[in-house]
Amino acid sequence: MTPCSSGENANSLEEEAYDEAIGVIPKTMTNPEPTDYAALIRAVTPNSERKHPEWLDPGQQLCSPKYGQGTVISWVGNTLIVKFPGYSIPVQYKNWQQAVERGEIAPGEASKTPESSSEAEEKGAGEVESASFCKVSAAEIAAIPQPKFRAVALELASHLSAVRITPPASGSLYAIPKDLPWALQNALRELGIHQLYSHQIEALNCLRQGCDLSIVTPTASGKTLCYNLAILEDCLKNPQTSALYIFPLKALAFDQFRKLQRIVETFPQEQRVKVGQMTGDTPYTERLKLFVPHLPNILAVSPDLLHYQLSKIPRVSQWEPWREFLRRLRWVVIDESHSYTGVFGAHFTNLMRRLRRAVDSVGGNSSQLQFICSSATIGNPRDMAMRFSGRMSQPDQLHLIEGSGAGSAGRTVLCLAPSDTANSDACKIVLSWLQQDLSGIVFCNSRGAVKKLVDLIQKESTRHGNSYLAQKVTAFYGSLKSERRQNIINQLQRGKLKVTILRTVFKEGYDRNKTEK
């Protein structure tokens, strides 16, 4: 055996001493114990003085404006790990100095029990403490004008971060033009409409001049009447006129069609304007009956159904009435035009091009068509309307209305503190609505989320002894059968259902005027 040098002996002794110091088990042991990794980390980490304040030591309480009161769990290098009640996963602050400077964490004690809503209401002043970080004064809640909304705010007071109240604003109203057909004037009065908003008068005048129109005014500002007046006037004066209403969703088409029918039903029998609607649920025989014995003056369709119907043009024997409708086509209404974005928007633009070519192919004149686009939320209304009409080279042909003359009801916005339990928060909000007999709508990002929220509302209402409240909540999604969908709509109109939970894709198909929330 080759003898070891003195240097090698020294190194070996030093390694053994180091192993013993850090708790590493020598290889000669037959029953080794588990390695003490904490001791290993302490051995390899150079000794240093504390770099953080004492209130950041493990076990100390701190306060976060985002998560509320929490407890420091540990440190990993410069990363601070904090556990907050109500959150299953601890929060990591990778740079605690920056977190302190930005006010993301601060020294704090255990949170006090939030003041109950009844106590806050009795005081009428002071502050209602949030369960997390926010403080909304009781005076702000007391300033909410609607008693039911105020009751909801009091119930959610421990979660409120802000209250915003917008007072109502009066609109710019004008008398109904005397040159409108008498039947149309009478219909408006029977529906309780005795004046028109300024933007409705502006729309009527520009459509009479033969311009295309893009209406971009807020929700519930009367956009539908902007184009219905001019089109119904044209149909009454020229019974051979036809108009095509295109809606992105069936639910929206049903709603707008009912509004149009209410106006038309008041017309004298000899001046009755025929309106019709075709959806994917309309049987083939019913579609044919829409065009017999007389063509509809106004026909409401979806983009998909229009695509299907345009393919019927070559079938002259069966669909000659459809060809005649296109031959007489004068108006094209594109409602909720902001829906046509991305690939869907590209396809829709080509569909409008096909429509113009179809009108020309059957003997009509696409250059005389008037296009009307309507939307409440769009960034480039002028450009989109000209692309749909194919008149990019004729910008003067389009009239844009962005200002609304409609009045606005007061609005109360309640902002809740952020949370990782969105379903639980939504459930509390919905139950507070129902307890005050308020109607509302909840949007979810998936069908699964819709079902989960409905189930949670049922469980929570039963747990609190208010199971009857869950009967006023319904889910609404695309795969519902036509009969079920129509039944839901009817129950909403009668007030038997108060809250609808649906996917965001259906937001254009829901009449927000029927909801308080």
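Residues numbered from 1 in each chain as written. Predicted model: local features only at pLDDT ≥ 70, side-chain atom pairs only at ≥ 80, totals over all residues. Heavy atoms only, no water.

Student: How would you explain the nonpolar core if you had to name every residue and give the values?
Tutor: Side chains of nonpolar character tend, in soluble globular proteins, to be buried together. Counting 42 residues, the largest nonpolar core has Ile-231, Leu-232, Tyr-245, Phe-267, Ile-298 and Ile-372 as the members making the most contacts within it. Here this core gets nine residues from one element, more than from any other, and that element is helix 9 (residues 223–237). (Core = buried A, V, L, I, M, F, W, Y, C linked by side-chain atoms within 4.5 Å. Buried < 20%, exposed > 50% of the residue type's maximum accessible area, 1.4 Å probe, protein only. Helix = DSSP H or I, 4+ residues; strand = E, 2+ residues; numbered from the N terminus.)

Student: Outline the sheet that holds strand 16 (residues 370–375), listing residues and values.
Tutor: Strand order in the open sheet made by the seven strands is 13-14-12-15-16-11-17, with parallel pairing throughout. What marks the edges here is a single partner per strand, and that holds for strand 13 (275–277) and strand 17 (398–401). Mean inter-strand twist for the sheet, computed between neighbouring axes without regard to direction, equals 15 degrees. Note that strand 11 (residues 212–216) and strand 16 share four bridges and pair parallel. Within strand 16, the residue paired with Ile-215 across the bridge is Ser-374. Here helix 8 (residues 198–208) sits on the sheet in contact with strand 11, strand 15 (329–335), strand 16 and strand 17, set at roughly 175 degrees to strand 17. (Pairing = 2+ DSSP bridges. Axes fitted to C-alpha atoms, helices over the stretch in contact; angles between N-to-C directions. Contact = heavy atoms within 4.5 Å.)

Student: Describe in detail the packing of helix 14 (residues 342–361) against helix 15 (residues 381–389), supporting the description with residues and values.
Tutor: Contact geometry of helix 14 with helix 15 gives a least axis separation of 8 Å together with a crossing angle of 45 degrees. It follows from the interaxial angle that helix 14 and helix 15 lie oblique. Within the contact between the two elements, helix 14 uses Gly-345, Phe-348, Thr-349, Met-352 and Arg-356 and helix 15 uses Arg-387, Phe-388 and Ser-389. Class assignment of the residues belonging to the contact of helix 14 with helix 15 gives a composition of three nonpolar, three polar and two charged. (Parallel < 35°, antiparallel > 145°, perpendicular 65-115°, else oblique. Nonpolar A, V, L, I, M, F, W, Y, C, P; charged D, E, K, R; others polar.)

Student: Explain the pattern of salt bridges to me, using residue names and the numbers behind them.
Tutor: With the rule as written, the count across this model stands at 13 salt bridges. Note that Lys-289 and Glu-286 form a salt bridge whose closest N and O atoms lie 3.9 Å from each other. Pair noted here: Lys-289 and Glu-286 are both in helix 11 (residues 284–289), with a separation of three residues, about one helical turn. Classification of Glu-286 by relative accessible area gives partly exposed; the value is 36%. (Salt bridge = Lys/Arg side-chain N within 4 Å of Asp/Glu carboxyl O.)

Student: Break down the pairing of strand 14 (residues 298–301) for me, citing the residues and quoting the values.
Tutor: Here strand 14 shows a buried face lined by Ile-298 and Ala-300 and a second buried face lined by Leu-299 and Val-301. Bridge count for strand 12 (residues 242–246) against strand 14 is four bridges, and the pairing is parallel. Bridge pairing in strand 14 places Tyr-245 opposite Ala-300. Assessed by its sense of winding, the connection that carries the chain from strand 13 through helix 11 to strand 14 is right-handed. (Right-handed = clockwise from strand over helix to strand, strands pointing away.)

Student: Kindly report on helix 19 (residues 482–494), identifying the contributing residues and their values.
Tutor: Compared with the 18 Å implied by 1.5 Å per residue over 13 residues, the 18 Å span of helix 19 between its first and last C-alpha is a close match. Taken as a whole, helix 19 has its buried residues at Arg-485, Ile-488, Ile-489, Gln-491 and Leu-492. Relative to the axis of helix 19, the buried residues are bounded by an arc of 165 degrees and lie together on one face. Among the exposed residues of helix 19, those oriented more than 90 degrees off its buried face are Glu-483 and Arg-494. (Expected span 1.5 Å × (residues − 1). Arc of directions from axis to C-beta.)

Student: Help me get a handle on the packing of aromatic side chains, residues and values and all.
Tutor: Under the defined criterion, the tally for this structure stands at 13 aromatic pairs. On the basis of an interplanar angle of 90 degrees and a centroid distance of 6.0 Å, the ring pair of Trp-75 and Trp-96 is categorised as edge-to-face. You can see Trp-75 sitting in strand 2 (residues 68–76) and its partner Trp-96 sitting in helix 3 (residues 96–101), a full 21 residues away along the chain. Here the two residues Trp-75 and Trp-96 agree in accessibility, since each one is buried. (Phe/Tyr/Trp six-rings, centres within 6.5 Å; stacked < 30°, edge-to-face > 60°.)

Student: An account of the pairing of strand 2 is requested, with residue identities and associated values reported.
Tutor: With four bridges joining them, strand 1 (residues 61–64) and strand 2 adopt antiparallel strand pairing. Following the sheet pairing, Leu-62 is matched in strand 2 by Gly-70. Between strand 1 and strand 2, which pair antiparallel in sequence order, lie three residues. Pairing analysis gives five bridges linking strand 2 to strand 3 (residues 79–83), with the strands arranged antiparallel. Note on strand 3: the bridge partner recorded for Thr-71 is Lys-83. Hairpin connection from strand 2 to strand 3: two residues lie between these consecutive antiparallel strands, with Gly-77 at a positive phi of about 65 degrees.

Everything listed here is a matter of geometry and, on its own, says nothing about what the molecule does.
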